[in-house]
Amino acid sequence: MKKIIYLIFIFTCITCYSQKNPYHNYKLVGIDYADSDSLYSRSKNITNILFNLINEYRRENGLSKLIIDPKGNSACETHNKYMFENNSKIDHDEYNRRNKFYRGKEPWDRYHKAKAEIVAGSYFTAYRIDLNEFALASDLEIAKGFLKTWKTSPGHNSIILTPEYKYVSGYANLFIIHSHCEANEIFPNKYENTRYATYTFYK
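Before going into details, it helps to say that this report is about the structure given with it. Being a predicted model, the structure only gives us computed values, none of them experimental.

1. Quick look at the packing of helix H1 (residues 37–60) against helix H4 (residues 139–151)
Point 1. Put simply, H1 and H4 touch, their axes get as near as 9 Å, and they point 45° apart. If you check the angle between H1 and H4, you find them oblique. Where H1 crosses over H4, the two elements pack in a sense that is right-handed. In contact with Arg42, Asn45, Ile46, Ile49, Leu50, Leu53, Ile54 and Tyr57 of H1, H4 contributes Asp139, Leu140, Ile142, Ala143, Lys144, Phe146, Leu147, Trp150 and Lys151.
Point 2. Among the residues forming the contact of H1 with H4, the class breakdown is twelve nonpolar, one polar and four charged.

2. A few points about the layout of surface pockets
Point 1. Taken as a whole, the second largest pocket spans an internal volume of roughly 150 Å³.
Point 2. Within the lining of the second largest pocket, the residues separate by chemical class into five nonpolar, three polar and two charged.

3. Some remarks on the nonpolar core
Point 1. Grouped together as the largest cluster of nonpolar side chains are 39 residues, with contacts concentrated most on Leu50, Ile54, Phe146, Trp150, Ile160, Tyr199 and Phe201.
Point 2. Elements with a minimum of two residues in this core: H1, helix H2 (73–85), strand E4 (116–126), H4, helix H5 (154–160), strand E5 (167–180) and strand E6 (189–202).
Point 3. Per-element tally for this core: the top contributor is H1, with eight residues.
Point 4. Excluding anything up to four places from it in sequence, Phe201 contacts Ile54, Leu66, Ala114, Lys115, Ala116, Ile118, Ile159, Ile160, Tyr165, Tyr167 and Val168.

Rules used throughout
- Residues numbered from 1 in each chain as written.
- Predicted model: local features only at pLDDT ≥ 70, side-chain atom pairs only at ≥ 80, totals over all residues.
- Heavy atoms only, no water.
- Axes fitted to C-alpha atoms, helices over the stretch in contact; angles between N-to-C directions.
- Helix = DSSP H or I, 4+ residues; strand = E, 2+ residues; numbered from the N terminus.
- Parallel < 35°, antiparallel > 145°, perpendicular 65-115°, else oblique.
- Left-handed = near helix turned anticlockwise from the far one by under 90°.
- Contact = heavy atoms within 4.5 Å.
- Nonpolar A, V, L, I, M, F, W, Y, C, P; charged D, E, K, R; others polar.
- 1 Å grid on protein atoms, 1.4 Å probe; cavity = no way out; pocket = protein on both sides within 12 Å on 5 of 7 lines; lining within 4 Å.
- Points joined across faces, edges and corners; volume = space filled by probe spheres on them.
- Core = buried A, V, L, I, M, F, W, Y, C linked by side-chain atoms within 4.5 Å.
- Buried < 20%, exposed > 50% of the residue type's maximum accessible area, 1.4 Å probe, protein only.

Here is the structure:
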């Protein structure tokens, strides 16, 4: 039986402001869909770390190591991009066909072998990347954060520790929206950071 587990996506707002204030009139500079060299490299590294952490967690529970199926990774990556493009709404299903990253409604539509899917996400805004503790998190810390979220959710945890599953595909993505405000000399730059991880399992 195919299973989907839903995870509540909690948005953490660092500050609140009125858009009438010129010091908060930020204009878009650019959006990084994890395609730049730095974010692509980090996303790929976090993805691989998560594969290792998932298998280590299974080993600790007396289960066999999952075989990584790279053919399903792209479906997970584009689903992360779909969610980011879809107003950062976390969901297992894809309904918006006009979204340029649309690949199919359900996980098994996007990759025919998928039987179960787990998704996690986080969001934060930083005005000083060099001083923000979330922005300074290492790839390992980010990967551990994703796994911790899944382990504390009974449904997600049960999927990871399903003995019958033998294969796993997945991808983790880092996204950044960069905006700039000329009137704000103290915090001229704003970086909206979104992180997603989507992993699928099957026999």
